[in-house]
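Descriptive analysis of the structure
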Amino acid sequence: MVLLQRPHILLLLIGTHQFLQCWIAFGSVNEEGQKQEEFSEELLLKPLPDHKLLAHFHFQSSGPPSTSNGCHHHLFPKAISQLVQKFRIKEMELSFTKGRWNYESWGGFDPLSSSNAKPPGVELWAVFDVPQHHIDASWKNLTHTLSGLFCASINFLESTATYSTPEWSFPPASGNVRYGTLPCEAVCTENLTPWLKLLPCRDKAGIALLLDRPSLYRGFYHSQQLHLTSTGSSSEGIDSGIILEQTLTVVLQPNSEMAIEVHASEKHIQPSWSLSSIFGKQVSGRCVLAKPSSVYLLLDRGLSAANGLTSENFWSNPSFELSANPDRIFLEESSSHSKSLSILYMFQVEKYCESEPFDIGLMWKVPVAWLCQQTPLHASRFLMGSGNERAAIAISLKSTQFTEGFMSANSKDGSCELRVDVFQVVPWYVKVYFHSLRVFVDQQPRAVSDIIEKIHVSPSKDKMSPGVMEVVLKLPCRVNTAALTIEFDKGFLRIDEYLPDANQGFDIPSAIISFPNFHASMVFLEDDSLNKSPLLSKFQEKCPVMSYTEVLLVPLTTPDFSMPYNVITITCTVFALYFGSLLNVLQRRVAEEERFLKAKAAKKTGRLPLLLSKLSAKLRGRRLEPLHSPPSSSSFINSKLVLKVILVAGLAVGWQYFFS
Amino acid sequence: METFINPKSLFHLLLLPCLLLYSSIAYNSSPVEAAMHTNNWAVLVCTSRFWFNYRHMANTLSLYRTVKRLGIPDERIILMLADDMACNTRNKYPAQVFNNENHRLNLYGDNVEVDYRGYEVTVENFLRVLTGRHETAVPRSKRLLSDEGSHILLYMTGHGGDEFLKFQDSEELQSHDLADAVKQMKEKHRFKELLIMVDTCQAATLFNQLQSPGVLAIGSSMKGENSYSHHLDSDVGVSVVDRFTYYTLAFFERLNIYDNASLSSLFSSYNPSLLMSTAYYRKDLYKRRLEEVPVTNFFGSVMETIHTDAAYKALSRRNSGRFEDEMSLDQSVHHIKRRMLIKVNDGDEIHDINPELLQGEEGASKCPWSTFRNKFQKAENVDSLLNYGLVAMIPLLVISTWLVQ
């Protein structure tokens, strides 16, 4: 065995060596030619108001149009480029999420939350660049491929009953888009493993080194995403460049060991943390293949205002202490919405090495309290009604502190309106009655036509397609609460369609509430190094503000599997009773029986009674008195018997004849 | 009845044994079929859902870790886990699964790859994996791409009973299903040797219907016996490992990839008093001597080295594309390997047996009812049976008339 193994390793070594040489040669040639494949790794840390910490990993690989080097890639994962080429994907996003984004305390009006807050489970949407009638086939194959790639049951999205085609209310994309979610899909290490394998350094070097599985999954919220954008159009035969963004957003509770030292009276002080205390690991140098490799610390508007940080004094921070000196500090461009500005501290990982690993820590000195910027309206969804027959879905929208500010800003022009888009998909077994849609504004019922500007409905078909509802609401700016209710019937499933744990209920995927008039973006003051950072340029993009509602769990009538057994036993009993009595009625000849009984009584013969009477007589020591013996029936060979014998013989003869 | 005695069907019935005989002869005579052992696969299945069945997942993951350690790469392991225990909300240790209360070893590790999980673990998918009858869209990572040179380890754990294994608490895999799938695999040349290892109550009954040559089966308990869990972890709150798997692991922990421990040493390592059940292995279908078969034949992996005279030339060997072909640098090593393989081949040819013969043997060893059924199923017997029946009717008739009198 030893001997057998050795040449293999040798071969491998030689192979890798040659490959490296090739790679270096190729790289240098390419450098002169055209745009190279690029990879960047970034980590953004953001303290959250409720004593938690948000860590956002952002890895971006870009593959330029690969006409020159065919199917070869240096940094870009081949699996993804093959996927894009095969299914002609224009844009795709796959997210694995565990936990629910807390819009109230973690915010909803910044680029981070509007693009990284995702519904629980798996969400997949894709825009295809194929003719209309091929899209469904592409989608089906894509789901299978992704399920193989990411170790998840994404292939359950292949059936037409699980995915939908949003027309216009799905903000990230429009056109040939398909959208599907699996709310109860588990997310765990096996999904992260293949995701990490797409990175050129995997989790062996660079920032990805921090991804310690137990500490990641211990968090309150965990969302792992993969976003693909294929620039240019491949339909014209031009090979397109691809941008692959891999993000991982986690909300963690910093270990408050350090905070224990602080006096007990200062309970409200934010916990201090460091990278090593959160993840149990440190960054020992960058991934050598990553162009920018940096860590950011973001103090959002509310926090910097609470700290009294302004554009003048942000160098001297009285309320907290950083364990490492930032390399740069960025200030947000002042916006119309608020006076305070976000502050971004940047740390370059390149400067650190194995002997001096990078570890940033933040130590709070005084307690601070602030609020994150929230969505214009806070959306939540719940079920109404009871019983197994019918119920109703309600989506409620509540104004937040943002709306108040917005209202006061726009109060000059009297007729100000707030546009809200609602996108709701319901599975087919939730049979929604769209006519029962009702709207309440400030707890007053309103005519649907007053509030709803536009509605698009595609009713569900049993086992074929889900029901889709897209609504545009025009709410007055001064709205405090608004609610939408819609009634539905609970459908019946076939016995093989129930899941193994059907009695836990069935999920209704999250509704998407988006605010098309608002865009979240974070523009940091112009700097030439900014253009290099994909994370910050992503923040600069105007992304629509949207939020996901809760996943609903609808209890459906689950079959009691002991029922069939009960039915079988009852049916059998009924059948037995029925046929038994029927046979009895048909067979019994009362007159004959009576005669027979009479004869028997007269005869009183029978072997056993005779024997018994003999025995008893013997026991009693008396002689057996001879019974009155009736004349023995001479009809031993009666006609009935003959008939029977003939019948059987005839049957037998017929049988034999027929089969021979 | 009519079709039963139909001359055409009778002809077919008569033809079938001839065909079988012919195929078995063809099988033995063609040298290509006696393929050498070229690759290893593992199919590891945990069939139970719900948190209290934590130990079944821990069992499967322990085996996963063992075969990975002994050299089977991830792409040749099909791992099926019916529920998510590692990131279950009830799990105090997220992304970690332990099979021992000392918590020294995190079975889930950092690089686990689960191929089928959750609701995907069904009898249908399991049989599809074995027989290779997938939809076209199913990716390669979810397929068992074995060939006639593969040694496959099939490990299953869950709740079972007499001749069945429960999947997800809603379906059952019957011993007939398993036997049919294995037979189909054999016909499709999907394996050379197959080791089925089952840790469930009455596991031995699951092998009753197996009849394909080259199959070795071991179960944790005999008919009428339960398989018990080993110990409870009070931190996790549930039992973490089953006894049979625990002692299997105890055996493997001492081994490394180069060890030559034989299968018989593994099988004899099970102590019924520790197991609280009798580990049963069925080896009548497997014709190599267990003392000569190293456990790494199933739990480890072989790397094929193919010698070519000229460098960088396309290989003409059949199916060569599937293997990681590599040039052999060391000629002597190659020779050793070649010799070994020849030896293995010899062994195969000697022990290849006629399936017809085997069936006969099996029939005799079974209970009288099945022999009666076998006889009954033969077409020639029907006429005589009919006659017997008629004859038997006459005394009945006589008795009945006499009673009526």
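The name given to chain B in an unreviewed UniProt entry is GPI-anchor transamidase, and the organism recorded there is Gossypium mustelinum. Check the Pathway (unreviewed entry) section of the UniProt entry for chain B; it says "Glycolipid biosynthesis; glycosylphosphatidylinositol-anchor biosynthesis."

Under an unreviewed UniProt entry, the name given to chain A is GPI transamidase component PIG-T, and the organism recorded is Gossypium mustelinum.

Helix and strand counts for chain A come out as 17 helices and 26 strands. For chain A, the residues scored as buried account for 47% of the 660 residues in total. A fraction of 77% describes how many contacts in chain A between residues 6 or more apart in sequence connect residues 24 or more apart. Carbon and sulfur atoms form 58% of the exposed surface of chain A, whose accessible area is close to 33000 Å².

Along its length, chain B carries 13 helices and 12 strands. In chain B, which comprises 405 residues, the share counted as buried stands at 50%. At a minimum sequence separation of 6, the contacts of chain B that also span at least 24 residues come to 73%.

The next point concerns the sheet that holds strand β9 (residues 273-274) of chain A. Residues and elements named next belong to chain A. Pairing is antiparallel in the open sheet, where three strands are placed in the order β9-β14-β11. Edge positions in the open sheet fall to β9 and β11 (320-322), since each of these has one partner strand only. Sheet topology places β9 next to strand β14 (residues 361-364); two bridges connect them, and they run antiparallel. Looking at the pairing, Ser-274 lines up with Gly-361 of β14.

Residues and elements named next belong to chain B. Look at helix α3 (residues 54-69): 22 Å from first C-alpha to last across 16 residues, which is about the 22 Å you get at 1.5 Å a residue. With 13 of its 16 residues buried, α3 lies for the most part within the structure. Gly-71, located one to two residues past α3, shows a positive phi value of around 115°.

Our next topic: the UniProt feature "transmembrane region" (unreviewed entry) in chain A. Taking the UniProt record as the reference, the feature "transmembrane region" (unreviewed entry) is found at residues 565-586 and 641-659 of chain A. For residues 565-586 of chain A, the helix share is 100%, the strand share is 0%, and the end-to-end C-alpha distance is 31 Å.

So, on to the state of the cysteines. For the coordinates displayed, the defined rule picks out two disulfides over all chains. Put simply, Cys-188 of chain A and Cys-87 of chain B are joined by a disulfide, and their sulfur atoms are 2.0 Å apart. Disulfide Cys-188 of chain A to Cys-87 of chain B: torsion about the S-S bond roughly 75°, handedness right-handed. Within this pair, whereas Cys-188 of chain A is found in the loop between β6 (177-182) and α6 (189-197), its partner Cys-87 of chain B is found in the loop between β2 (77-81) and β3 (116-117), the two belonging to separate chains.

As a further point, take the sheet that holds strand β1 (residues 39-46) of chain B. Residue and element names in this part refer to chain B. On the basis of which strands lie adjacent, the open sheet formed by seven strands has the order β3-β2-β1-β4-β8-β9-β12 and mixed pairing. Either end of the sheet is taken by a strand with one partner, and the two such strands are β3 and β12 (280-282). Sheet topology note: the β1/β2 ladder contains five bridges and is parallel. Following the sheet pairing, Ala-42 is matched in β2 by Ile-77.

What follows is about the packing of aromatic side chains. Residues and elements named next belong to chain A. Taken as a whole and judged by the stated rule, the model has 33 aromatic pairs over all chains. Centre to centre, the rings of Tyr-179 and Phe-423 are 5.4 Å apart; their planes meet at 70°, and the pair counts as edge-to-face. Residue Tyr-179 is found in strand β6, and its partner Phe-423 is found in strand β17 (residues 417-426); the two are separated by 244 residues along the sequence. We note that Tyr-179, like Phe-423, is buried. Consider the rings of Tyr-429 and Phe-506, whose centres lie 5.1 Å apart with planes at 65°: the pair is edge-to-face. You can see Tyr-429 sitting in the loop between β17 and β18 (430-441) and its partner Phe-506 sitting in strand β23 (residues 506-508), a full 77 residues away along the chain. Each member of the pair, Tyr-429 as well as Phe-506, carries the same accessibility label: buried. Taken together, the ring pairs connect Phe-39, Phe-57, Phe-59, Trp-195 and Phe-279 into an aromatic cluster. The lysine or arginine in question, Lys-454, covers the ring of Trp-168, its NZ or CZ lying 4.3 Å from the ring centre.

Conventions used here
Residues numbered from 1 in each chain as written. Chains lettered and ligands numbered in written order. Predicted model: local features only at pLDDT ≥ 70, side-chain atom pairs only at ≥ 80, totals over all residues. Heavy atoms only, no water. UniProt positions renumbered as here; feature names shortened; annotations may be inferred. Helix = DSSP H or I, 4+ residues; strand = E, 2+ residues; numbered from the N terminus. Buried < 20%, exposed > 50% of the residue type's maximum accessible area, 1.4 Å probe, protein only. Contact = heavy atoms within 4.5 Å. Areas by Shrake-Rupley, 256 points an atom, 1.4 Å probe, with all protein chains shown as cover. Pairing = 2+ DSSP bridges. Expected span 1.5 Å × (residues − 1). Disulfide = S-S within 2.5 Å. Phe/Tyr/Trp six-rings, centres within 6.5 Å; stacked < 30°, edge-to-face > 60°. Lys NZ or Arg CZ within 6 Å of the ring centre and 35° of its normal.

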